[in-house]
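# Chain and residue survey
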Amino acid sequence: MTQITTLIKRELMSYFFSPVAYVFIIIFLLSTVGTTFFLGNFFNSNQASLEIFFLFHPWLYLFLIPAIGMGLWAEERNTGTIELLFTLPISMMQAVISKFLAGWIFIGIALLLTFPMIMTVNYLGEPDNGVIFASYLASFLMAGSYLAITCVTSSLTRNQVISFILSVIICFIFVLLGWGVFTDVLNKMFPAWISDIISTFSFSTHFNSLSRGIIDSRDLIFFLSIIGGGLVINALILETKKAS
Amino acid sequence: MKKRQRLLGSTAVNIVLVLIIIIAINVIAASLYFRLDITEEKLYTLSDGTEKIVEKISTPVTLKYYFTKNLESLPLTYKTFGRKISELLKEYQNLNPEMIQLEIHDPKPDSDEEEWARKYGLTGGDLGNGERLYMGLVITQEERELNIPLLDPRREQFLEYDITHLLLQLSQKKDKKIGVLSSMPVMGAMANRFQQMQGQRNTPKWVFIEELEKTFKVETVEPSVQEVPEDISILMVIHPKKLSETALYAIDQFVLRGGELIVMVDPNSRVDPTAAMMAQMGQMPQASSNLEKLFKQWGINYQPNSILGDKDHPTRVNAGGNTGAVSFTLWHTLSGESFNKELIATRELEDMLLIEPGGFTMEKTSPLKLQPLIRSSTNTGLIESFMMRYSDPLTINKQVKPTGQSYIIAGILTGKLTSAFSKRPDPPKKDDKDKKPPQKVTLKPHLSKGEQDSKILLVTDVDFISDNFSVEQFNLLGKVFRQPRNDNLNFMVNMVEFLGGAQEMMEIRTRGRFRRPFSHFLELEKAAQGEYQDAESKLNAQLKEVQAKLSQLNVQKGTNKIVLTKQQIEQIKQFREEEKKTKSKLREIRKLLRQDIESAKTWLTQVNLIIVPVLLILLGLAFYYIRFRKQSN
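In short, a report on the structure. All of these numbers come straight from a predicted model, not from anything done at the bench.

Reading the values: the criteria
- Residues numbered from 1 in each chain as written.
- Chains lettered and ligands numbered in written order.
- Predicted model: local features only at pLDDT ≥ 70, side-chain atom pairs only at ≥ 80, totals over all residues.
- Heavy atoms only, no water.
- Helix = DSSP H or I, 4+ residues; strand = E, 2+ residues; numbered from the N terminus.
- Expected span 1.5 Å × (residues − 1).
- Buried < 20%, exposed > 50% of the residue type's maximum accessible area, 1.4 Å probe, protein only.
- Contact = heavy atoms within 4.5 Å.
- Buried area = accessible area lost by both parts, 1.4 Å probe.
- Salt bridge = Lys/Arg side-chain N within 4 Å of Asp/Glu carboxyl O.
- Polar contact = N/O pair within 3.5 Å; in protein donor to acceptor, adjacent residues only side chain to side chain.
- Nonpolar A, V, L, I, M, F, W, Y, C, P; charged D, E, K, R; others polar.
- Pairing = 2+ DSSP bridges.
- Axes fitted to C-alpha atoms, helices over the stretch in contact; angles between N-to-C directions.

## What to know about helix H8 (residues 245-256) of chain B
All names here are of chain B. Relative to the 16 Å expected for 12 residues at 1.5 Å per residue, H8 spans 16 Å between its end C-alpha atoms, a close match to the ideal helical length. Burial of H8 is extensive: 11 of the 12 residues sit out of reach of the surface. Residues Thr246, Ala247, Leu248, Tyr249, Ala250, Ile251, Asp252, Gln253, Phe254, Val255 and Leu256 constitute the buried set of H8. If you follow the buried residues of H8, they end up packed against strand S8 (177-182), strand S10 (232-238), strand S11 (260-264), helix H10 (292-298) and strand S22 (454-459).

Structure (structure tokens):
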């Protein structure tokens, strides 16, 4: 356990000692807040809620998170520091988990830094803070799922760009599966029960469901299973690469 | 090489296994799940009232929800609302899954489902481009069926109420009956010939009656009645004017037999059509009501021609002309503190509007115990109602001289009563022209005192429950919808349901909202309007004066073809200048009205965008500085 915590600390520190973290967080903040006020017409909605703010997250994450995660493994393999990592007295799973958790915590910090939005919406009216909490939870879990997928693609190749593109494509499919227009196409191609099952594997479905304010075990299990599964696959791939 | 291939192969297999496990986990999770509703108002959890009603269902019920959720031109509010409806319906099913079946249909055009929707009476609404929206609910139980043809997004806060109500109606075999004895056309009226000549149409039922009809059967009771029919559990006496001895006796006996009575009187009703007609014909209008004989017997102290003015709860009204907006003390805008916090029926009420109400107090010798529902402040005074005809709001306000006494405007009275009559009065003489033989009716024996506690709800205002002052009407997709403007309707229906024992419905009625507006902006607007509206109306009046003078001069110029004197030309110039100045001042005011809000929006946007990034940059620089110092050391 302590090995994981030390690794996590090391990773996090390296984030904050490089300009990457600051650039990322600032872009994250500007894009989430900017889309809310300008694209989402926050003031015109006259709704004291952060629904509009969270509406854009699945799409913003599509680019932001692969950007963070693309280098996680690819860079280590590129620079050879991955060899160093493997000499440490830790298991593959531990290494994978630490890298992932460090990235996830970093994204969590970025999310928390949007706290002025919470203050704004409480100042302007009386929002349902239970719903806001659930939405943040949903966004955090969804971000974790995106990150897990990106970790996998990052471990597949040394090339960060390929990792980025692959990750975007896979995450895009996951989001699309729950998107209204696409579900119509599915409805036409497959019988109802199949297209329903397919839709349940979408980020948007569970994200929307969770951010309403109902903590449903199905949504939690979905995100956690994607994260868990992603990490296991990540470890498997690295094992293969290690052997060669 | 082979070893590598084998490794790759086994990895691939492992990966596929992991994927299958993920899918399996999620499929299993779909069947065994738990939920926790952390919304502030438990929006997605049904209230206790609904639980009680749903648990009592003993015969299977099917809820059929028809919603065209995939319509292209479906506005977002309908989409979200439609989704919320299906989620809420699922909650109903979860409460009693053995007895409740839920079917969700998407009636696509020309499909079987659309046919079924129409058969069930769900008309849907035209979206204007040929597409038809369906968002209706049918519930069936054996052969009985009830429906809500089109669920209204503006009735969002009553969604649970409407659905549970439908369920209640379906399972109830007998509804309680309300009898309405009213001098006003609350049950709707056909326009008589005089009114028809004036172009007036039939008046519809008042909205509060329609709401009550959802839980009760509502019938008219004629003022000529000798005895209140046996099957009536609640009698509503609304705006009684000079009722005959027979009618008073009927009410008296009804109460003694344990019937529940609601009396609504008003010292000056604005909505009274007879009074309006009399005023039009130049007669002294009789707009007040009273139950003098019975009130005296019951120990109720009520002045039928006195209006209560409350300086702590005035309402901003437009007094017209040069006066502009005035805080009128005779129209009460209530706040939370006016209501009895101990009763569920009134605990949640906030915002009621009373129009020239009266007020009552109890005599010390009254046999009845009072439970106040609405109480005025102590900053009140009574005004004679005739003053309304001759004075303007400002003068009337000045006439309200507080005595430190507070009055009850609505209250529940309980206790054992004695009759105000010694025996049944003689029936009114029948007209000789009446050819019909007198009907043989067996009337009940005279009761001199009540066998059980009587229950009376007394309200000293009638106008507040008229449509004008309680609801807003609007058209939506070809249907007329009504939305409550304030808590007036809530109060009335709550109280009747409370008396009628449908308490479960009352618990549901005061449920939360899905919508939360920017109250900060609303407050800014209100404050701004207060300040600037006065200035604006004064300026408007000024403008009208100036324009009138201008047109006078112009007329002179036009008709008489008199050459204008230098003086007159100067005058015209001056007036035009004044007109310009006043108009620009008005524009300034309109700008100021929005200014506070616009500036708030700007600085909020800036704060959100800039603060944290700036802090981060500072933090980053700090880290760098530390690192450099470390390195240089």
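## A short note on the interface of chain B and chain A
Facing 51 residues of chain B, the contacting portion of chain A comprises 53 residues. On the chain B side of the interface with chain A, the three residues burying the most area are Arg516, Phe518 and Asn608 of chain B, jointly 15% of the side's total. At the boundary of chain B with chain A, the tally comes to one salt bridge. Between Arg212 of chain A and Glu87 of chain B there is a salt bridge; the shortest N-O distance is 2.5 Å. At the boundary of chain B with chain A, the tally comes to 11 residue pairs in polar contact (both at pLDDT 80 or more). Taken together, the elements giving at least two residues each to the side of chain B that touches chain A come down to helix H1 (2-31), strand S1 (35-37), helix H17 (519-560) and helix H18 (566-632) of chain B. Considering each element in turn, the side of chain B that touches chain A owes the most residues, 15 residues, to H18 of chain B. For the side of chain B that touches chain A, a count of residues per class yields 31 nonpolar, 10 polar and 10 charged. Pairing geometry for strand S1 (residues 214-216) of chain A and S1 of chain B, over three bridges, is antiparallel. Bridge pairing links Ile214 of chain A to Asp37 of chain B in S1 of chain B.

## What to know about the pattern of salt bridges
Counted by the stated rule, this structure contains 15 salt bridges over all chains. Of the charged contacts in the structure, one is a salt bridge between Asp106 of chain B and Lys108 of chain B, with a shortest N-O distance of 3.8 Å. Note that Asp272 of chain B and Lys241 of chain B form a salt bridge whose closest N and O atoms lie 2.5 Å from each other. Placement of Asp272 of chain B in the loop between S11 and helix H9 (273-280) and of Lys241 of chain B in the loop between S10 and H8 is noted, with a sequence separation of 31 residues between them. Residue classification places Asp272 of chain B among the buried positions, given a relative accessible area of 1%. Members of the salt-bridge network, linked through shared partners, are Arg10, Glu11 and Lys99 of chain A.

## A closer look at the sheet that holds strand S2 (residues 61-67) of chain B
All names here are of chain B. The strand order across the open sheet built from four strands is S3-S2-S6-S7, with neighbouring strands paired in mixed fashion. Strands with a single pairing partner mark the edges of an open sheet, and in this sheet they are strand S3 (100-105) and strand S7 (144-148). Shown here is a sheet whose adjacent strand axes are inclined to one another by a mean of 15 degrees, direction ignored. As paired elements, strand S6 (residues 135-141) and S7 share five bridges and run antiparallel to each other. Residue pairing across strands places Thr140 opposite Glu145, the latter belonging to S7.

From the geometry alone we can't say anything about function, so treat these as descriptive.
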